[in-house]
Amino acid sequence: MSELKFEKNDADIATDFSLDTELLDVNHLRTAVANAGSPIPLLSKALKQASEVLHSRYKNSLNITNIVFGRAWVVDEVLRLAWSAQNWPDPNDISLVAVGGYGRSELLPHSDIDLLLLTRKSRFNKKYKDYISAFLTMLWDIGLEPGHSVRSVRQCKQEAIKDITVATALMESRLLLGPEDLHTLMTVATNEKRVWPIKKFFKAKVDEQIVRHEKYHDVDYALEPNIKTSPGGLRDIQTIAWVSKRHFGAGSFKDLVRLGFLKESEEALISKGQQFLWKLRYGLHFLEGRSEDRLLFDKQRELAQLFDYHDDEKSLGVEKLMKQYYRAVANLRELNDLLLQHFDEVILRAGKRVKIRPLNSRFQVRDDYIEVIHPNVFECNPSALIEIFVLIGDSPKIKGIRASTIGLLRESRHLINDEFRNDARNTSLFIELLRTQNHMTLQLRRMARYDILGRYLPEFGQISGQMQHDLFHIYTVDAHTLQVVENMRKFRLPQAVEKFPVAAHIFNNLPKVELLYIAGLYHDIAKGRGGNHSELGKIDAVNFCERHQLSNWDAGLVSWLVDKHLLMSMTAQRKDTNDPEIIKEFAEQMGDKLHLDYLYTMTVADICATNPELWNSWRATLLRQLYTNTKRAFQLGLEKPINRQERIADKQQSARAKLLERGLSTNQIEIVWSKADDEYFVRESSANIIWHTEGIANFENEDKTKEKPLILVQDMGENIKGEGVTQVFIYANNADFLFANSTAAFEKLNLNIYGARIFTSANDHCMDTFTVLENTGLPVGRNPKRQDEIRKVLTEYLTSCNKAIKPASFRRTRKEKYFAKSIEVTFVNTSEEKYSTLEVNCPDQPGILASVGKILATNGINLKDARITTLGERVEDLFFITDKAGNSIKENSLLEKLQSEIKTELKNRLAA
């Protein structure tokens, strides 16, 4: 693997850029400008040539700090020459000042160039107005796009008092041209004694960081992070630097070493991390040709190629790049925590009366923060490396860990070795931690951040920063894993009853919730190794249970959950959970209700941790139906399952009773039912059979002068919290392109299809039920206007079923374009089934279902059923198909033709 390499002196740059004539020959340029009629062409050319030199140095992996500072120096010199070209009146009353990042001499190719035009008195601002305008116009003509403000010293102070962002930018100001005393007046007027006293400044900056981190769910390991503002990003480094400069007058992180807040090795980590992030950010600006801080999927791949990371049998080049990114931000986040805690102690708590509460012979609580009693605690008692997190978990009054103790944790984590991992004291402490009641997941996150968890569980360390390069995961494997455990913990909270009523009820009745947490920790532990991660993870889970002395039964349950963690979601989304055979097969794999309970709660937690947007009322309904039907199968006994005919008779009996109550005659019911085959009664619920039968009977009795389809719209499951879907039933003359045009109509209506059950009656009418939701993830609801719109559009599209209507086109998202090549079309034939299964996996895009339906109809293929699964921005759709005779498709040439046509059609749609 190619490593990003930085010069040994990167952290201590002392380059005299005036000697770098390749970058910019200042003396030559100054002479040329003095002799030219207009300086604009010369300055513009110099700026472009300098940018090309810097780009070349960047591509050759030269010193990134010199490149960043070098660009700032070039802009400095160009601004000075442009400034000198103006005939300023009273030049002793105005200064040109660099502020913000430019004030720090940090400029990437498209970073903001923020300027302050500083005057002594506000009344001077009008005198300089025309000259300032001419100066700024020249900068734009040169090719610079500066941000600027014109303020007097007094106005600077007023604005700084109102806005901490202004105060921070002025604190980093740097004089470019003009009298030094004027700049000094401004810095004195806006210092901490006059504006934003240090306690207020520090608290405001910490609050800013908290808000910024919450925007990213406080997760360092997002799959598409923002290099500047994500947790562990450049802004976190700047936050520390701002506080250090404000309070201590620190000009660099080396000053914090001298002050005793950092060790030299920690300062080196910050420096290397900042350089790496600069290198990534420079690359984004270079590739995009504009300011861009988001490390998006497509740019990750381009940067990996630029940095010479290659794919191999173990991982993709882009995964190697991102692994290095995640390690860098993890180090920066850890040191950010350490320094902010230090600053909290010396700034906010300075002079306050100290309250100390002993916990045991190793730890005490000082002002609500836990600390070691003496600095050799971890060396003398390594078990304290885990004990400290158990103590926090047992006490809701402990807010965190003191900075000095965090430092000792970092220094002592090397003590975690095989002997430590197998020590019964430590294994007992870890299980005890999983049973704590106070923010248990937060303690696991702290352990992960301080690299305690990855050392104690080396298999967890292997997935640290492991990417999941797809359309529906939003976190790395380790971040997703901890989110799963956190979701499990949330089921115990009162508010969970509203959104997750079934999971909340089950969770609060589980006998050993720590077994669920262990399964959550291990369910994806083997990702990235190759092979089946569930089977490999099962082995790791067994080893964990044995090492932690869990009983054979507990170990069996945990390993079974890891092995089967995808089973429930795949069954619910890909199979008909109203089919007794499907339920019997699933129940047999569960074994008993307790295994079902554990797996249900794990499945819900896993789906929500993959991507919160994946959880909607449809998935809630599917999983509840599977859970309820399986639980009923256990109650009846698996040795005496309801057979097919008993199931049909049971449904018909209950449906008939309801229909008779509603005024239908026995004859009307039998006429409708005589046209439907057994498959309809097996797969449809009693509620749907009642709804459909009543609608068809009334429809058939109407005096129809014009042939129109029957379209019924109804919400189902709306009385169950967090659930509910809209079902649309279509009863119409059968036609080749009916499915294709139906789906095209739903796309026109901006309705997402989640399921389709396709039946053909004896009188050659379709009896199709589509399950749909609005784009918001909610049912249509009792909205007569919207229901009328659905009926109108469907009627319009279904009157043209002798030809396929072109699906509506919509703009594709950036991610869809990036993953457009990832299209899989496969067929499965089994000897026991009378149908073939077509599976389509590709980025989600309007028109997919209509396109597939059109191709099937054109080739004379009957569609019997469809299971539509949307995972984030990707779909995994199953179509159950037969030939015209109702048999599975065995002809290889036809299957190959269908596969080719579907792939080509979907690629064309995704490329449009």
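Structure: above.
Keep in mind that what you see is a predicted model, and the values were worked out from it rather than measured.

Novice: Help me understand the overall build of the protein, please; the structure alone is not making it clear to me.
Specialist: Helix and strand counts for the protein come out as 42 helices and 17 strands. Counting only C-alpha atoms, the protein reaches 105 × 75 × 50 Å along its principal axes. By residue count, 57% of the 912 residues in the protein fall in the buried class. Long-range pairs, those at least 24 residues apart, make up 73% of the contacts in the protein between residues at least 6 apart in sequence. A total accessible area of about 39800 Å² is found for the protein, and carbon and sulfur atoms account for 48% of it.

Novice: Can you walk me through the sheet that holds strand 6 (residues 363-366) in this structure?
Specialist: Strands belonging to one sheet form pairs held by backbone hydrogen bonds; the direction of such a pair is parallel or antiparallel. The strand order across the open sheet formed by 4 strands is 5-6-7-8, and the pairing between neighbours is mixed. Both outer strands of the open sheet, strand 5 (356-358) and strand 8 (400-401), are each paired with one neighbouring strand and no more. Lying on the sheet, helix 17 (residues 384-394) is in contact with strand 6, strand 7 (369-372) and strand 8; it crosses strand 6 at an angle near 45°.

Novice: Looking at this model, I keep getting lost on the side chain of H183. Mind explaining?
Specialist: In this fold, H183 is placed in helix 9 (residues 180-189). A polar contact of 2.9 Å, which involves the side chain of H183, links it to the side chain of S173. When residues no more than four places from it in sequence are discounted, the contact partners of H183 are V97, L118, S173, R174 and L175.

Novice: Looking at this structure, I do not really get the sheet that holds strand 1 (residues 94-98). What am I missing?
Specialist: Read from one edge to the other, the open sheet built from 4 strands follows the order 3-2-1-4, with strand pairing classed as mixed. Either end of the sheet is taken by a strand with one partner, and the two such strands are strand 3 (147-152) and strand 4 (174-177). Taken over all neighbouring pairs, the strand axes of this sheet differ in orientation by 30° on average, direction set aside. As paired strands, strand 2 (residues 114-119) and strand 3 are joined by 6 bridges and run parallel to one another. Paired with L115 across the bridge in strand 3 is H148. Strands strand 2 and strand 3 of the sheet are contacted by helix 7 (residues 153-162), whose axis makes an angle of about 115° with strand 3. Contacts between helix 9 and the sheet are confined to strand 1, strand 2 and strand 4, with strand 2 contributing the most and set at about 105° to the helix.

Novice: Sorry, what's going on with the nonpolar core here?
Specialist: Proteins that are soluble and globular tend to have nonpolar side chains buried together. By size, the foremost hydrophobic cluster in this structure holds 210 residues, and its most contacted members are L79, Y102, F135, L280, F343, F430 and L444. In terms of residue count, the dominant contributor to this core is helix 15 (residues 317-348) (15 residues). Ignoring anything within four residues of it in the chain, the contact list for L444 reads F430, L433, L434, L453, L482 and V485. Core analysis: the second largest hydrophobic core is formed by 50 residues, F770, L798, I855 and A866 among them.

Novice: It is not clear to me how the packing of helix 21 (residues 440-449) against helix 24 (residues 477-490) should be interpreted in this structure. Could you clarify?
Specialist: When two helices pack together, their arrangement is captured by the angle between the axes and the distance separating the axes. For the pair helix 21 and helix 24, the least separation of the axes is 9 Å and the interaxial angle reads 165°. In terms of orientation, helix 21 and helix 24 fall into the roughly antiparallel class. Read as a crossing pair, helix 21 and helix 24 show a hand that is right-handed. Facing helix 21, whose interface residues are M440, T441, L444, R445 and A448, helix 24 presents L482, Q483, V485, E486 and R489. In the contact of helix 21 with helix 24, the residues fall into 5 nonpolar, 2 polar and 3 charged.

Cut-offs used in this document
- Residues numbered from 1 in each chain as written.
- Predicted model: local features only at pLDDT ≥ 70, side-chain atom pairs only at ≥ 80, totals over all residues.
- Heavy atoms only, no water.
- Helix = DSSP H or I, 4+ residues; strand = E, 2+ residues; numbered from the N terminus.
- Buried < 20%, exposed > 50% of the residue type's maximum accessible area, 1.4 Å probe, protein only.
- Contact = heavy atoms within 4.5 Å.
- Areas by Shrake-Rupley, 256 points an atom, 1.4 Å probe, with all protein chains shown as cover.
- Pairing = 2+ DSSP bridges.
- Axes fitted to C-alpha atoms, helices over the stretch in contact; angles between N-to-C directions.
- Polar contact = N/O pair within 3.5 Å; in protein donor to acceptor, adjacent residues only side chain to side chain.
- Core = buried A, V, L, I, M, F, W, Y, C linked by side-chain atoms within 4.5 Å.
- Parallel < 35°, antiparallel > 145°, perpendicular 65-115°, else oblique.
- Left-handed = near helix turned anticlockwise from the far one by under 90°.
- Nonpolar A, V, L, I, M, F, W, Y, C, P; charged D, E, K, R; others polar.

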